[in-house]
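Structural description and commentary
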Amino acid sequence: MSAFASFDPRPSSMPKEASEVRPVRAEELLWVEPPQHHQAYSKLLVNPDNSTTRYFDFRLSLYQPRGYAENHVHEEAEHVYYILKGRGLMRLGERQYVVEPHTAIFIPPGVVHSLANTGLEDLLFIVVTVPAGELERRDQREHEVAVSNGDTTSPASTDTGAS
């Protein structure tokens, strides 16, 4: 059986009901590829699944050249993206913008958005989302493993949320 069948992005030292507050190192966490993301990965640094936060999703994202997130919209969630490295194309509603290091992007609820790495190097950025509830925190590769193993009834195969 594949390692992804029991995939859990939380470090083993950080239980869901965390009783202590401590720093989290990005190296402690596996990269996840959320549903509707293609060659686009995130490290889920702080969220309700791996910390005591009730509101935030704070992640580091890396899109490889040609990597992208499909167009999607959130009903309640607000995003702030902050570009650290690379260049890409951000869609906000009907408009598109080139984004590059030191660019901050605020995405209010109800705005269709997507991001594609159209540059020549990895696109590295921070995403902060409030509230965290609408943001997908599972790896789409879990679904691929479940389907390849013949499990079409797993929760991973029925949830279609985007991040």
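Quick note: structure is the one above.
Okay, so let's go over this structure. (Residues numbered from 1 in each chain as written. Predicted model: local features only at pLDDT ≥ 70, side-chain atom pairs only at ≥ 80, totals over all residues. Heavy atoms only, no water.)

The subject of this paragraph is unusual backbone geometry. The omega torsion across Val130 and Pro131 is -10 degrees, close enough to zero to call that bond cis. Assignment of secondary structure puts Pro131 in the loop between strand E8 (123-130) and helix H1 (140-148). Here the phi dihedral of Gln36 falls at roughly 65 degrees; this positive angle occurs in a residue that is not glycine. Here Gln36 is to be found in the segment before strand E1 (37-46). For Gln36, a relative accessible area of 27% puts it in the partly exposed group. Phi at His102 takes a positive value of approximately 75 degrees, unusual for a residue other than glycine. Positionally, His102 belongs in the loop between strand E5 (95-99) and strand E6 (104-107). Assessed through its relative accessible area of 65%, His102 is described here as exposed. (Helix = DSSP H or I, 4+ residues; strand = E, 2+ residues; numbered from the N terminus. Buried < 20%, exposed > 50% of the residue type's maximum accessible area, 1.4 Å probe, protein only.)

Before going further, it helps to examine the nonpolar core. Of all hydrophobic cores here, the largest spans 13 residues; its most connected members are Tyr63, Tyr81, Met90, Ile105, Leu115 and Phe125. Among the elements of the structure, strand E2 (57-72), strand E3 (78-85), E6 and E8 are those that each provide at least two residues to this core. Looking at which element gives the most residues to this core, the answer is E8, with 3 residues. In this structure, Phe125 is in contact with Arg59, Leu60, Ser61, Tyr63, Tyr81, Tyr82, Ile83, Leu84 and Leu115, ignoring residues within four places of it in sequence. (Core = buried A, V, L, I, M, F, W, Y, C linked by side-chain atoms within 4.5 Å. Contact = heavy atoms within 4.5 Å.)

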